Amino acid sequence: MGSGRGHTRMEVGSDGVAVITIVNPPVNSLSFDVLHGLKESFDQAIKRNDVKAIVVTGARGKFSGGFDISAFGGIQEAKERPKPGLISVEIITDTIEAARKPSVAAIDGLALGGGLEVAMACNARLSTPTSQLGLPELQLGIIPGFGGTQRLPRLVGLPKALEMILASKPVKGKEAFSLGLVDGLVQPNDLVNTARQWALDILGRGRPWVASLYKTDKLEPLGEAREILKFARAQARQRAPNLYHPLVCIDVIEAGIVAGPRAGLWKEAEAFEKLVQSDTCKSLVHLFFAQRGTTKVPGVTDRGLVPRQIKKVAILGGGLMGSGIATALILSNYPIILKEINGKFLDAGINRIKANLKSRVKKGKMTKENFEKAISLVTGSLNYESFRDVDMVIEAVIENVSLKQQIFVDLEKYCPPHCILASNTSTIDLNLIGEKIKSKDRIVGAHFFSPAHIMPLLEIVRTKQTSPQVIVDVLDISKKIKKTPVVVGNCTGFAVNRMFFPYTQVALLLVERGADVYQIDRVITKFGMPMGPFRLVDLVGFGVAIATGSQFIQNFPERTYKSMLIPLLQEDKRAGETTRKGFYLYDDKRRASPDPELKNYIEKARGISGVSVDPKLAKLQEKDIIEMIFFPVVNEACRVLDEGIAVKAADLDISAIMGMGFPPYRGGIIFWADSFGSKYVYSRLQKWSELYGEFFKPCAYLAARAAKGIPLSAPVEQAKSRM
């Protein structure tokens, strides 16, 4: 039943059980067609005399991955589209749950979001032990809209329901059974047949006939429930002070407990309709599709190339980055060789890997047995002899051009001809690194972000010579090590560091002209960044900051700001967090506190630079600080698009979020800028460039789009591709 995007199929067996199957590959999502198909199937099953009971399941081993997110655009843009909240009451509650014949959900694979909500409306649920059940809607800026806020607390109790919903934390079938979310565990092959019998047992009163919406035995008394909800609100405000929808969700859950489940359903429907129109929802839905789009690279992934099998990987350098990369690989069962220049450095590198793994054991993410297995995949080496059978090498040494050039000469000599030669450089042009070798088609950037085994982004950098096969291979590895890949072109800083080099430089420019270091960091953290630009410099260390900054000053001299502040601090052996002094002072636990001495260094830097204090900058409003810090980043992102370094704006949005911690609920750097409009961004930068110099000058791409009022994210017509 239903047509277009997905449908349901109903088959009635000789036992009188109607099996209704959700069919909408790949995850049987609940499109409007599927939802109406469910209603029609249930209505027909109720009318038919040969149907005694109903089983709901999903095709091909997946119950349902939830509401069809691709329909969100339609809901947001067109007011006459069907309202999911109303569907929730009419189809889920008044058709499925209110059916005069018992129903059982047979859950295999996954029951997420709307999928779990459909299952909870059935009179019983059976699941396979490994199925995933959860309500992850808050990740999209909305709340469960098909009754999840009302039924889940009644099935598992309020504390667990709040944890599952607010943290978007799914549970496996085994845990779902212990919680009471499912009534039985069954192996996949027996699932539907067991569900059929279970439904008949309910009909014969051999098992309870329950409507989840009216269960009360798991709910705490009202006074206790209110205390639990109060604590949940305080936690939500602390974890995500800029997000409104978690608090709305708690209000909706409370409404159902206080005023009854039916009132809760209508409150849920009303809240869902508002939230689906919110900027947060639009941002997070954009992000959802942007993340899935990063693996599609024109001219590479559309050529039918099959990834080669990478059996062994070598890593050069066991420092913070090298050991992190090694950890990421061995966690996905890749045997690795770790090469260092001497035994002391090698031992230190292996110990770093062990420390990374022990941290996982401590957090309960890894067993001691798996720890031993993982560490056995690491082989140490002090020479290149063991590189003769590796499929990929990742160079992760310090940012020194001549050292990297020599390493690549050695790699070409010792590695087999098919071996991928990758560099983890964060800023240096790959053509420079591979200048002295012949097989330039094997060179690729594999830029991990620190800590490499935790940060989700992998920037895959290709030169004009890099073979498409190599890109396909590295995309495959990124999937296996659970990283989100973004394929970018080759230039100084690539995409992430290139976009964000103005982030610190503009902060230094503002401070030298009168702005307050600590106010800037406070405002930027409040905006949603993990930390402000000055705290970030302290964290990465002044040595790294100067090395990367000099690369940009050398390559983009006309639009960089050369501040004297960091070199002056470094002269006094203040190098950031590691020395306990930088822009902040640090205690034994690395907690940061402002340093009253800092103003002396700022005055000295002003004297050397010859700049005077602008009283306006000393009294900046929050809005001005945010725009002055981020609009130069937007400007550089526009250049990256214009030069064809990035395939599409959405890739830069993902890069900003996963590489630099730009707040996901703002949709990414370009998506956020488009909320202001290209004309506004241009006019602000133009004004600042007149006041404070070339650093702020809007680029040609931004100027052209502002003149026509075109969004910055609209596809580039004629990019001078570097891909």
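Residues numbered from 1 in each chain as written. Predicted model: local features only at pLDDT ≥ 70, side-chain atom pairs only at ≥ 80, totals over all residues. Heavy atoms only, no water.

Brief notes about unusual backbone geometry
Turning to step 1, where the next piece is worked out: In this chain, Pro25 is followed by Pro26 through a cis amide linkage whose omega measures 5 degrees.
Turning to step 2, where the next piece is worked out: Here Pro26 lies in the loop between strand 2 (17-23) and helix 1 (32-47).
Turning to step 3, where the next piece is worked out: A cis amide bond links Ser450 with the next residue in sequence, Pro451, at an omega value of -5 degrees.
Turning to step 4, where the next piece is worked out: Here Pro451 lies in the loop between strand 15 (443-448) and strand 16 (457-462).
Turning to step 5, where the next piece is worked out: Even without being glycine, Ser168 reaches a positive phi, approximately 50 degrees.
Turning to step 6, where the next piece is worked out: Tracing the sequence through the fold places Ser168 in the loop between helix 6 (158-166) and strand 8 (171-172).
Turning to step 7, where the next piece is worked out: Ser168 sits in the buried class, given a relative accessible area of 10%.
Turning to step 8, where the next piece is worked out: Although it is not a glycine, Asn333 sits at a positive phi angle of roughly 65 degrees.
Turning to step 9, where the next piece is worked out: If you trace the backbone, Asn333 turns up in the loop between helix 13 (320-330) and strand 11 (336-339). (Helix = DSSP H or I, 4+ residues; strand = E, 2+ residues; numbered from the N terminus. Buried < 20%, exposed > 50% of the residue type's maximum accessible area, 1.4 Å probe, protein only.)

Details of the domain arrangement of the protein
Turning to step 1, where the next piece is worked out: As far as domains go, the protein holds domain 1 (7-277), domain 2 (313-490) and domain 3 (496-708).
Turning to step 2, where the next piece is worked out: Distance from the C-alpha centre of domain 2 to the C-alpha centre of domain 3: 30 Å.
Turning to step 3, where the next piece is worked out: With 15 residues of domain 2 at the interface, the matching set in domain 3 holds 12 residues.
Turning to step 4, where the next piece is worked out: Surface buried jointly by domain 2 and domain 3 totals about 1,200 Å² across both partners, of which 65% is contributed by carbon and sulfur atoms.
Turning to step 5, where the next piece is worked out: Three residues, Thr427, Leu457 and Val486, lead the burial of domain 2 against domain 3; their summed loss comes to 35% of the area buried on that side.
Turning to step 6, where the next piece is worked out: In this structure, the connection of domain 2 to domain 3 is made through 0 salt bridges.
Turning to step 7, where the next piece is worked out: Counting across the domain 2 and domain 3 interface gives 3 residue pairs in polar contact (both at pLDDT 80 or more). (Domains from an automatic or database assignment. Contact = heavy atoms within 4.5 Å. Buried area = accessible area lost by both parts, 1.4 Å probe. Salt bridge = Lys/Arg side-chain N within 4 Å of Asp/Glu carboxyl O. Polar contact = N/O pair within 3.5 Å; in protein donor to acceptor, adjacent residues only side chain to side chain.)

Let's talk about helix 6
Turning to step 1, where the next piece is worked out: Within helix 6, the full set of buried residues consists of Leu158, Lys160, Ala161, Leu162, Met164 and Ile165.
Turning to step 2, where the next piece is worked out: Contacts made by the buried residues of helix 6 are with strand 7 (132-134), helix 5 (148-156), strand 8, helix 7 (173-179), helix 9 (222-239) and helix 10 (245-259).
Turning to step 3, where the next piece is worked out: Once helix 6 ends, the next one or two residues include Ser168, with phi positive near 50 degrees.

Focus: the UniProt feature "domain: 3-hydroxyacyl-CoA dehydrogenase NAD binding" (unreviewed entry) in the protein
Turning to step 1, where the next piece is worked out: Sites flagged by UniProt as "domain: 3-hydroxyacyl-CoA dehydrogenase NAD binding" (unreviewed entry) map to residues 312-490.
Turning to step 2, where the next piece is worked out: For residues 312-490, the helix share is 39%, the strand share is 21%, and the end-to-end C-alpha distance is 26 Å. (UniProt positions renumbered as here; feature names shortened; annotations may be inferred.)

A look at the sheet that holds strand 7
Turning to step 1, where the next piece is worked out: Spatially, 3 strands are ordered 5-7-8 in an open sheet, and the strand pairing comes out mixed. The open sheet terminates on both sides in strands that have one partner only, identified here as strand 5 (110-112) and strand 8.
Turning to step 2, where the next piece is worked out: Bridge analysis of strand 7 against strand 8 gives 2 bridges, and the strand direction is antiparallel. In the sheet register, Leu133 faces strand 8, and the bridge partner there is Val171.
Turning to step 3, where the next piece is worked out: Across the sheet, helix 4 (residues 114-121) lies against strand 5 and strand 7, angled at about 95 degrees from strand 5, the strand it touches most. (Pairing = 2+ DSSP bridges. Axes fitted to C-alpha atoms, helices over the stretch in contact; angles between N-to-C directions.)

Some points on the sheet that holds strand 2
Turning to step 1, where the next piece is worked out: The strand order across the open sheet formed by 6 strands is 1-2-3-4-6-9, and the pairing between neighbours is mixed. Among the strands making up the open sheet, the edge pair consists of strand 1 (7-12) and strand 9 (184-185).
Turning to step 2, where the next piece is worked out: Two strands pair when backbone bridges link them, and strand 1 and strand 2 are joined in this way by 6 bridges, in the antiparallel orientation. Bridging across to strand 2, Val12 finds its partner in Ala18.

Quick notes on the pattern of salt bridges
Turning to step 1, where the next piece is worked out: Throughout the structure, instances matching the rule amount to 38 salt bridges.
Turning to step 2, where the next piece is worked out: Taking the shortest distance from any N to any O, the salt bridge between Arg498 and Glu643 comes out at 2.9 Å. Of this pair, Arg498 sits in helix 19 (residues 496-512) while Glu643 sits in the loop between helix 26 (622-642) and helix 27 (649-660), and the two are 145 residues apart along the sequence.
Turning to step 3, where the next piece is worked out: For Glu643, a relative accessible area of 18% corresponds to the buried category.
Turning to step 4, where the next piece is worked out: The network of salt bridges with shared partners includes Arg498, Glu558, Arg559, Glu636, Arg639 and Glu643.

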